[in-house]
Amino acid sequence: MVQYSSTRGVDSGKTFRHVVMTGLSPDGGLYVPETIPSVSPEDLERYRTLSYADMAVEVISKFVEEEDVPKESLRRIVTDACGNFRVGDVTPVVDVAGHAVLVSRTFARL
């Protein structure tokens, strides 16, 4: 289970639900994960085949327990959020003169 601590080091061992409902830690710090979940090479390869929204769900679910946000609810939240972008490819990659690739900025509909 991923737990969250304050960036100021006073408050620790908190759940995702707690940090979302609390906002800032009582010590004024931001909550960050105490550990970063690992991603296997197989997961990374599988992510290549997913849509942006599906990949986001997979990554976010590593930080959020099923009991806090059920995966189907998370999928609905992410899909709805991605639906607000004007282009289907939420993070299009642009080739710059054959030397580099950049993630193009896109804007959500207002």
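Predicted model only: the values in this text are computed from it and were never measured.

Caption draft 1: Local environment of the overall build of the chain. When helices and strands are counted, the chain shows four helices and four strands. When the helices and strands of the chain are placed in sequence order, the string is β-α-β-α-α-α-β-β. Residue pairs in contact within the chain that sit at least 24 positions apart in sequence constitute 35% of those at least 6 positions apart. Within the structure as shown, the chain displays about 7800 Å² of accessible surface, and the carbon and sulfur contribution to it stands at 58%.

Caption draft 2: Fine view of the side chain of D11. The residue D11 is located in the loop between β1 (4-6) and α1 (16-22) in this model. Of the polar contacts made by the side chain of D11, one reaches the side chain of S25; its length is 3.5 Å. Apart from residues no more than four positions distant in its own chain, D11 is found in contact with S5, S6, S25, P26, D27 and Y31.

Caption draft 3: Broad picture of helix α3 (residues 52-60). Looking only at α3, the buried set comprises A53, A56, V57 and E58. In this fold, the buried residues of α3 make contact with α2 (41-47) and α4 (71-82).

Caption draft 4: Region of the structure containing the pattern of salt bridges. Across all of its chains, the model carries nine salt bridges by this definition. With its nearest N and O atoms 3.6 Å apart, the salt bridge here joins K14 to D11. You can call K14 partly exposed: its relative accessible area is 23%. The shortest N-O distance in the salt bridge between D68 and R17 comes to 3.6 Å. Residue D68 is found in the loop between α3 and α4, and its partner R17 is found in helix α1; the two are separated by 51 residues along the sequence. Given a relative accessible area of 15%, D68 falls into the buried group. For R17, a relative accessible area of 46% puts it in the partly exposed group.

Caption draft 5: Spatial organisation of the environment of P37. Take P37: it is sitting in the loop between β2 (31-33) and α2. Sequence separation between P37 and F63 is 26 residues; the distance between their C-alpha atoms is 7.3 Å.

Caption draft 6: Just the packing of α3 against α4, in detail. Orientation of α3 relative to α4, taken along the N-to-C sense of each, is 135 degrees, at an axis distance of 9 Å. Comparing their axes, α4 and α3 come out oblique. Two packed elements cross with a definite hand, and for α3 against α4 that hand is right-handed. The residues of α4 that touch α3, namely those facing Y52, A53, D54, A56, V57, E58 and I60, are K71, L74, R75, V78, T79 and C82.

About the thresholds
- Sequence order as written defines the numbering, with residues in each chain counted from 1.
- Where local features are concerned, this predicted model is filtered to residues with pLDDT of at least 70; where side-chain atom pairs are given and counted, the filter is 80 or more; whole-chain, interface and lining totals use all residues.
- Processing note: side-chain calculations cover all non-hydrogen atoms of the structure and skip hydrogens and water entirely.
- Elements are defined by DSSP. Helices are runs of H or I of four residues or more, strands are runs of E of two residues or more, and each kind is numbered from the N terminus.
- We call two residues in contact when some of their heavy atoms are within 4.5 Å.
- Areas reported here follow the Shrake-Rupley algorithm with a probe of radius 1.4 Å; residue values treat only the protein chains shown as occluding.
- Polar contact is defined as a pair of N or O atoms within 3.5 Å, subject to the rule that within protein one atom must be able to donate a hydrogen and the other to accept it, and that residues adjacent in sequence are counted only when both atoms are side-chain atoms.
- Whether a residue is buried, partly exposed or exposed follows from its accessible area with a 1.4 Å probe, protein chains only, as a fraction of its type maximum: under 20%, in between, or over 50%, in that order.
- Salt bridge, as used here, is a side-chain nitrogen of Lys or Arg placed within 4 Å of a carboxyl oxygen of Asp or Glu.
- Between N-to-C directions, angles span 0 to 180 degrees; the directions come from axes that are lines fitted to C-alpha atoms, helices contributing only their stretch in contact.
- When an angle is under 35 degrees it counts as roughly parallel; over 145 it counts as roughly antiparallel; between 65 and 115 it counts as roughly perpendicular; any other value is oblique.
- Crossing handedness follows the turn of the near helix against the far one: under a right angle anticlockwise gives a left-handed crossing, and clockwise gives a right-handed one.

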